[in-house]
Amino acid sequence: MPLRNFFRPVPVAAFTASILLATLLQIGCSSSNSVELVSFRPEGEVPVLSTLEFEFSRDLAPPNRQDAWLDEEFVRFEPDIPGRFKWVSPRLLLFSP
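Reading guide: rules and limits
Residues numbered from 1 in each chain as written. Predicted model: local features only at pLDDT ≥ 70, side-chain atom pairs only at ≥ 80, totals over all residues. Heavy atoms only, no water. Helix = DSSP H or I, 4+ residues; strand = E, 2+ residues; numbered from the N terminus. Contact = heavy atoms within 4.5 Å. Core = buried A, V, L, I, M, F, W, Y, C linked by side-chain atoms within 4.5 Å. Buried < 20%, exposed > 50% of the residue type's maximum accessible area, 1.4 Å probe, protein only. Pairing = 2+ DSSP bridges. Axes fitted to C-alpha atoms, helices over the stretch in contact; angles between N-to-C directions. Salt bridge = Lys/Arg side-chain N within 4 Å of Asp/Glu carboxyl O.

S.K.: In this structure, what is going on with the overall build of the chain? I would like to understand it.
M.R.: Of regular secondary structure, the chain possesses 2 helices and 6 strands. For the chain, the succession of helices and strands along the chain, N to C, is β-α-α-β-β-β-β-β. Looking at the chain alone, contacts between residues at least 24 apart form 53% of all its contacts between residues at least 6 apart.

Laid out in structure tokens, this is it:
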């Protein structure tokens, strides 16, 4: 695959529209347990190999799940983007392709 394909800009909407958070399934569906995506960085068109940040309205990651790269799929992208996730704080999740 040509290297240029890795650096094509992708609209942020393609990322945010396909977010599926496995952690939300564990929390439940009641309004008192709801979690919102507070911020997503970077904004605008994003090169495919950019690190993405997802900040949530509630603490989701316990201390033993933070500061380690994880193979679990916390967010699903369409089309698929291989990568790993890392909780850097209870509310901040990174994705690195």
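S.K.: Where do I start with the nonpolar core in this structure?
M.R.: In globular proteins that are soluble, nonpolar side chains generally tend to be buried together. Residues F54, F77, W87 and L93 are the most contacted members of the largest nonpolar core, which totals 18 residues. Those elements that provide at least two residues to this core are β4 (52–56), β5 (84–87) and β6 (92–96). At 3 residues, the largest contribution of residues to this core is made by β4.

S.K.: Please clarify how the pairing of β5 should be interpreted in this entry.
M.R.: Every regular strand shows the same layout, with side chains that alternate between the two sheet faces. Of the two faces of β5, only the one carrying F85 and W87 is buried; R84 and K86 on the other face are not. Sheet analysis places β5 next to β6, joined by 4 bridges and oriented antiparallel. Residue K86 lies in a different strand from β6, and its bridge partner there is L94. Where β5 folds back on β6, the antiparallel hairpin that results is connected by 4 residues.

S.K.: How do you make sense of the sheet that holds β5 when you look at a structure like this?
M.R.: Pairing between the strands of a sheet comes from backbone hydrogen bonds, and it takes one of two forms, parallel or antiparallel. Spatially, 4 strands are ordered β2-β4-β6-β5 in an open sheet, and the strand pairing comes out antiparallel. The open sheet terminates on both sides in strands that have one partner only, identified here as β2 (37–41) and β5. Direction aside, neighbouring strands of the sheet carry axes that sit 20° apart on average. Pairing of β2 with β4 involves 4 bridges; the strand directions are antiparallel. The residue bridging F40 from the neighbouring strand is F54, located in β4.

S.K.: In this structure, what is going on with the pattern of salt bridges? I would like to understand it.
M.R.: Pairs can form between side chains of opposite charge once their charged atoms are near each other. Under the defined criterion, the tally for this structure stands at 6 salt bridges. The shortest N-O distance in the salt bridge between R41 and E55 comes to 3.7 Å. Taken as a pair, R41 in strand β2 and E55 in strand β4 lie far apart in primary sequence, 14 residues in all. Judged by relative accessible area, R41 falls into the partly exposed class, the value being 33%. Residue classification places E55 among the partly exposed residues on the basis of a relative accessible area of 28%.

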